[in-house]
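Report on the structure
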Amino acid sequence: MANLDAIGVLELGYQNHPDEQAWLQAVAQEVVPNLGGDWLCGVGFIAHGTQVPEPPIAVVTPEGSRLDDDTVVQMVMATHGAMPADQRQQVARIVAAPGVASVVELLGTLPDGLSKDWPVVVRDCHGVFIPLGDGRTVWLSNVCGSSSGIDRGAKRLWQRLAIHLGAGCRLVGRPDSAEAPDVEAVLAAGGGVVHATGACEGRDERELLRTAARTLDRVRTRQGRQDPSAALELWLGLWAGRWSLVDHFDADGKHFLLARRNDPDAPRPKALSGRQRQVAFYASLGWSNSEIGYALGISENTVSSHLHQALGKLRLNSRSELVQLTAHLEAASMD
């Protein structure tokens, strides 16, 4: 963690990447070496729950590593393939919410696939889990030659970074153009609104975006980067539950910020409003009100209100009943 430029990782996650392979490789290269432990290799991939990873898979190894890319991929596949059903369920619950974890801390033991006769001796595995809001999760993991836990401060920082990286991954492959259909405002340096359309046209929305742009300018300075935890509390996962602000340079090299519509698509249940569906979706995955508020750029009180209304419309009495309903709907959709 000592060499981690948290704001730099966040900026990298929001950069325009042509596809998920390019995004995974760029982000894994920065994240994996900073997950802690005596790291031997690492990977990045996107999976649905605990399903066996499929391409694209990004591989990261330190200089002079004894492991080639094919061996690292084999280690990943062996680990997931050897995991018993109860362990898979446990891991599925963990990766549904943003954060970081030590495998040995969570499971009490090293998964069978990592304890095989590999060219290196593996003692632990650290992973950052990045839910994308569509049922998929990005895994960024390393394997370590020693076992070590992750302190509370690092967990909080990685949780915030995971939420941002999830928002950044949802932007992958979109056209790098101020005229793209998801761009609802263009802001100049300093936060001036150059162009706004749709939901950005109101005075309150324009002022919010100006404030957001100025906040980003402040946390991206040298001084702002010196306290990444404080900076990440200011730089929200979304603004007003709708927009990600991303860099854009025109043909003359002038710098602008684009407000891109980037809220997660939560299609069910249809009886709920769009915001209620988002809140209910994240709550059903075990996210706290704090995590949901940060991811959507709304207050915890607003989250609580939307969740209360959603439960009432669904005739449910608690979060646990919501989790059960969601699991039933998910199972029905797979039949």
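Described below are features of the structure shown in this document. Note that this is a predicted model, so its numbers are computed, not measured.

**Quick notes on the sheet that holds strand β8 (residues 243-249)**
Judged by pairing direction, the sheet is antiparallel, and its four strands sit side by side in the order β7-β6-β9-β8 without closing on themselves. Here the strands that pair on one side only, and so sit at the sheet edges, are β7 (193-196) and β8. The average undirected angle you get between the axes of adjacent strands in this sheet is 20 degrees. One ladder, built from seven bridges, connects β8 with strand β9 (residues 255-261); its direction is antiparallel.

**Remarks on the packing of aromatic side chains**
How two aromatic rings sit relative to each other is given by the distance of their centres and the angle of their planes. Summed over all chains, the structure comprises five aromatic pairs. Ring geometry for Tyr 14 versus Trp 235: centroids 6.2 Å apart, planes at 10 degrees, classification stacked. Here Tyr 14, found in helix α1 (residues 6-14), pairs with Trp 235, found in the loop between α9 (228-234) and β8; they are 221 residues apart in sequence, far enough to count as distant. On the numbers, 5.4 Å between centres and 25 degrees between planes, the contact of Phe 45 with Trp 139 is stacked. One end of the pair, Phe 45, is in strand β1 (residues 39-48); the other, Trp 139, is in strand β5 (residues 136-144), and 94 residues separate them in sequence. Through a chain of ring-to-ring contacts, the aromatic side chains of Phe 45, Phe 129 and Trp 139 assemble into a single cluster. Positioned above the aromatic ring of Tyr 294 is the side chain of Arg 160, whose terminal nitrogen or guanidinium carbon lies 4.0 Å from the ring centre.

**A look at the pairing of β7**
Alignment of strand β6 (residues 183-188) against β7, held across three bridges, turns out to be antiparallel. Bridging from a neighbouring strand, Leu 187 pairs with Val 193 of β7. Counted between consecutive antiparallel strands, the loop separating β6 from β7 contains four residues, among which Gly 190 sits at a positive phi close to 95 degrees.

**Thoughts on the packing of α1 against helix α2 (residues 20-31)**
Running from N to C, α1 and α2 cross one another at 175 degrees; their axes reach a closest spacing of 10 Å. On the basis of their axis angle, the class for α1 and α2 is roughly antiparallel. Along its contact with α1, which presents Val 9, Leu 12 and Gly 13, the element α2 presents Trp 23, Ala 26, Val 27, Glu 30 and Val 31. Residue composition of the contact of α1 with α2, by class: six nonpolar, one polar and one charged.

How each quantity is defined
- Residues numbered from 1 in each chain as written.
- Predicted model: local features only at pLDDT ≥ 70, side-chain atom pairs only at ≥ 80, totals over all residues.
- Heavy atoms only, no water.
- Pairing = 2+ DSSP bridges.
- Helix = DSSP H or I, 4+ residues; strand = E, 2+ residues; numbered from the N terminus.
- Axes fitted to C-alpha atoms, helices over the stretch in contact; angles between N-to-C directions.
- Phe/Tyr/Trp six-rings, centres within 6.5 Å; stacked < 30°, edge-to-face > 60°.
- Lys NZ or Arg CZ within 6 Å of the ring centre and 35° of its normal.
- Parallel < 35°, antiparallel > 145°, perpendicular 65-115°, else oblique.
- Contact = heavy atoms within 4.5 Å.
- Nonpolar A, V, L, I, M, F, W, Y, C, P; charged D, E, K, R; others polar.

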